[in-house]
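The lines below spell out each chain.
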Amino acid sequence: MRGIILTILALSLSIGLMAQTLSCHDVQFTPNTNGDSNYKDQTITVQGIVTAVKPGTGFFIGDEGGGEWSGLYVFHGNTSNSVAVGDDVVLTGLLVEYYSMTELTQISSYTILSSNNAVPITPLSTSQLPFGAATSEAYEGVMVRFNDVQIKSTIDGYGQFKVADSSGVQAMIDDFFFAQQASQIVVGQWWYQIQGIVDYHSAAGYKVSPRSPEDMIKTDDITNSQIRIGSAPDATIGQIYTLDIYTTKLNAS
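1. Some details on the overall build of the protein chain
Per the secondary structure count, the protein chain includes three helices and 15 strands. Every one of the 253 residues in the protein chain was classed for burial, and the buried ones make up 43%. The long-range share in the protein chain, meaning contacts at least 24 apart out of those at least 6 apart in sequence, stands at 59%. Total accessible area computed for the protein chain in this model is approximately 13200 Å², and 54% of it derives from carbon and sulfur atoms.

2. What about the pairing of strand β5 (residues 88-98)?
Extensive coverage of β5 is indicated by the burial of ten of its eleven residues. Two elements, β5 and strand β6 (residues 101-114), share ten bridges in a ladder whose sense is antiparallel. Bridge pairing links Tyr98 to Met101 in β6. The turn linking β5 back onto β6 is made up of two residues, and Tyr99 within it adopts a positive phi angle of 50°.

3. A look at the packing of aromatic side chains
On inspection of all chains with the given rule, the structure shows nine aromatic pairs. With a centroid separation of 5.5 Å and an interplanar angle of 85°, the aromatic rings of Phe29 and Trp69 are classed as edge-to-face. Of this pair, Phe29 sits in the loop between α2 (24-28) and β2 (42-54) while Trp69 sits in the loop between β3 (58-62) and β4 (71-75), and the two are 40 residues apart along the sequence. With a relative accessible area of 41%, Phe29 lands in the partly exposed category. You can call Trp69 buried: its relative accessible area is 12%. Within the aromatic cluster, the residues linked to one another by ring pairs are Phe60, Tyr73, Phe75, Phe176 and Phe177. Here the guanidinium or amino end of Lys54 rests over the ring plane of Phe176, the centre of that ring lying 4.2 Å away.

Rules of the game
Residues numbered from 1 in each chain as written. Predicted model: local features only at pLDDT ≥ 70, side-chain atom pairs only at ≥ 80, totals over all residues. Heavy atoms only, no water. Helix = DSSP H or I, 4+ residues; strand = E, 2+ residues; numbered from the N terminus. Buried < 20%, exposed > 50% of the residue type's maximum accessible area, 1.4 Å probe, protein only. Contact = heavy atoms within 4.5 Å. Areas by Shrake-Rupley, 256 points an atom, 1.4 Å probe, with all protein chains shown as cover. Pairing = 2+ DSSP bridges. Phe/Tyr/Trp six-rings, centres within 6.5 Å; stacked < 30°, edge-to-face > 60°. Lys NZ or Arg CZ within 6 Å of the ring centre and 35° of its normal.

Encoded structure:
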């Protein structure tokens, strides 16, 4: 009888976890010194906004407010081909620790609740994300932004280079989404903005991976701005539409 009761309790707990929709913070925040999620090896349901996509491989999601513990990697090729940056999604899958990187995998279902949502971005100093420090665990999977950073090293054989802001603490930039042009990365140069997703590798530590060249702005002037205009579905000639316009920050001059 005791065995039957324990089995029923285990099933109830499993069903409860699948029914509960968690945030990325719920999944990532952990008191465990090894960084493992409390939901390791459990089937869970998570909601978040898609912050980056690597087609055929996986994508990242983030909580609307950003901040510590607010990002999560979803390793599932098929689903990565069906979502886009800005989608608000609910996913059910298995939560695993892959070489200490928290991942949601084996996606059994997903729903896109809405699209074209603002991507949550967390501004950081490089001192908050030193590539070799365990304290950087809180930003794993988070979309972050550095401003006013200096190039500290050339690109190595793994597509990585280091930057630091006025704190002097170095953070690592990586090429998970696209390959940087070595000729553009010059030691000593200052860049206005570098942003991307915080990835983790057991050998190299925590790294920021820009999603495209547009995530790296050398100088804050009009020649380096990007402007995107929203689309109007089923537009007809002569009909008036209100369109969203997105631009990067420009100097007042």
